[in-house]
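Spelled out, the chains give:
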Amino acid sequence: MLQLPDTPDAITTEWLAHALDAPVAAHRVVDAHAGTTGRAVLELDYSAAIDLPSRLFVKLPPTDEMQRAFVTSSGMGRREALFYEQLSSEVPVRVPHSYFSASDDAGDHYIMLLEHLEDSGCTFQNASSHYSLDYIRAVLAGFARLHAAYWESPRFAQDLDWVEPPMQHEIAIDLVGSALQQFADQMPPVFREMGELYLGQTDAVHELWKNGPQTLIHGDVHDANLFLDGDEPGFLDWAVLARGPGMRDVGYFLAGTLQGADRGSIRALLEYYCGQLQQCGVQPPTAEETWRQCQWHAAYVWVGAAVTLAMGLSLIHI
């Protein structure tokens, strides 16, 4: 197996030539930073004409030891690498093109060489700059295509047996407790009530979130993990993809994205999503069951926000 570099500086021109099976003559790291995972941008020179881009976006392990331990123990890096290696070319939604992706079995070492989306003319943070219910419906239509393609799929017991239910990481309990200690007095009473409910019924809450027809879910769709290619929404950051109910994606996305008076449109948007599922050949749950599940999964937005507060990071996944 090709040895996997752990940092941008460890990536050599020879390694890139081998990984890409291409005549890479030189390369430069033009940007690098780390958060939940490591990220870099590479510029490449080729010694012959070839149909490969001049820039690549790279994802690899974070440099911070605590972050790396979390990513390894939660399987986030390996999970995303497996997505780009095995699934990215078949999912019926727009995702970054993968030129190379690999990980070791432990998930401690991984790397992805991906399409540089800005070079493809894609845009980001679109909910804040181009917010509309048409944009919301476009994302829901993407969810429906993704979910319908893997709805109760037998592949979850075959080649996709590595896709597990949404993770329940023990660190979330400590972080939610820390968020209550640090911020409850500065928040409305519901903040403490939600925290105490989650801490007192953690296992029951996570079991509730597993209820419903199982499919492939992204698991963390918010505006920072979306992009637009023209009018088509694309989906980024597949580190928490899972096998679970489609409403995990829908309820979380709607609760975290809808603004003000548009929250009154949730039932109509759920009906739209279910209609899109039907067009894809899937019989969705009833309207009342869909509404009930949507409310369950909306609570995940709060848990994610509480963990983010406690970690003091811009993004973290449970």
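Up top is the structure.
Quick summary incoming for the structure in this document. (Residues numbered from 1 in each chain as written. Predicted model: local features only at pLDDT ≥ 70, side-chain atom pairs only at ≥ 80, totals over all residues. Heavy atoms only, no water.)

**A closer look at the overall build of the protein**
- The helix and strand inventory of the protein stands at eleven helices and ten strands.
- Along the first, second and third principal axes, the C-alpha atoms of the protein reach 60 × 45 × 40 Å.
- Expressed as a percentage of the 318 residues in the protein, the buried residues total 51%.
- Both charge centroids of the protein, one from 18 positive and one from 42 negative side chains, sit 5 Å from each other. (Helix = DSSP H or I, 4+ residues; strand = E, 2+ residues; numbered from the N terminus. Buried < 20%, exposed > 50% of the residue type's maximum accessible area, 1.4 Å probe, protein only. Lys, Arg positive; Asp, Glu negative; His and termini not counted. Charge placed at Lys NZ, Arg CZ, Asp CG, Glu CD.)

**A word on helix α10 (residues 266-279)**
- Over its 14 residues, α10 extends 20 Å from the first C-alpha to the last, a length consistent with the 20 Å expected when each residue adds 1.5 Å.
- Against the buried residues of α10 lie α5 (133-149), α9 (247-257) and α11 (287-311).
- Positioned one or two residues after α10, Gly-281 has a phi angle of 90°, which is positive. (Expected span 1.5 Å × (residues − 1). Contact = heavy atoms within 4.5 Å.)

**Section: the sheet that holds strand β3 (residues 55-60)**
- Read across the sheet, five strands follow the order β1-β2-β3-β5-β4 without closing on themselves; strand pairing throughout is antiparallel. Each edge of the open sheet carries a strand with a single partner, namely β1 (24-34) and β4 (98-103). Taking each pair of neighbouring strands and ignoring which way they run, the sheet shows an average axis angle of 25°. (Pairing = 2+ DSSP bridges. Axes fitted to C-alpha atoms, helices over the stretch in contact; angles between N-to-C directions.)

**Re the pattern of salt bridges**
- The final tally for this structure, using the stated rule, is 17 salt bridges.
- Here Arg-28 makes a salt bridge to Asp-45, at a shortest N to O gap of 2.9 Å. Of the two residues, Arg-28 sits in strand β1 while Asp-45 sits in strand β2 (residues 38-46), which places them 17 residues apart along the sequence.
- In this structure, Glu-288 engages Arg-267 in a salt bridge whose closest nitrogen and oxygen atoms are separated by 3.5 Å. Residue Glu-288 is found in helix α11, and its partner Arg-267 is found in helix α10; the two are separated by 21 residues along the sequence. (Salt bridge = Lys/Arg side-chain N within 4 Å of Asp/Glu carboxyl O.)

**Let's talk about the packing of aromatic side chains**
- Here the structure, examined in full by the defined rule, presents nine aromatic pairs.
- Judged by centre distance (5.1 Å) and plane angle (75°), the ring pair of Phe-83 and Tyr-84 falls under edge-to-face.
- Residue classification places Phe-83 among the buried residues on the basis of a relative accessible area of 0%.
- By way of ring pairs, the aromatic residues Phe-83, Tyr-84 and Trp-238 are connected into one cluster. (Phe/Tyr/Trp six-rings, centres within 6.5 Å; stacked < 30°, edge-to-face > 60°.)

**Concerning the side chain of Ser-88**
- Looking at the secondary structure, you find Ser-88 in the loop between α3 (76-87) and β4.
- Side-chain polar atoms of Ser-88 contact the backbone oxygen of Tyr-84, separated by 2.9 Å.
- Those residues in contact with Ser-88, other than ones at most four positions away along the chain, are Phe-83, Val-95 and Ser-98. (Polar contact = N/O pair within 3.5 Å; in protein donor to acceptor, adjacent residues only side chain to side chain.)

**Some remarks on the packing of α5 against α9**
- Look at α5 against α9: their axes get within 11 Å of each other, and the N-to-C directions meet at 165°. By the criterion of interaxial angle, the relationship of α5 to α9 is roughly antiparallel. By crossing handedness, the relation of α5 to α9 is classed as right-handed. Taken together, the residues of α9 that come into contact with α5 (itself represented by Ile-136, Val-139, Leu-140, Phe-143 and His-147) are Asp-249, Val-250, Phe-253, Leu-254 and Thr-257.
- Here the residues of the contact of α5 with α9 are counted per class, giving seven nonpolar, two polar and one charged. (Parallel < 35°, antiparallel > 145°, perpendicular 65-115°, else oblique. Left-handed = near helix turned anticlockwise from the far one by under 90°. Nonpolar A, V, L, I, M, F, W, Y, C, P; charged D, E, K, R; others polar.)

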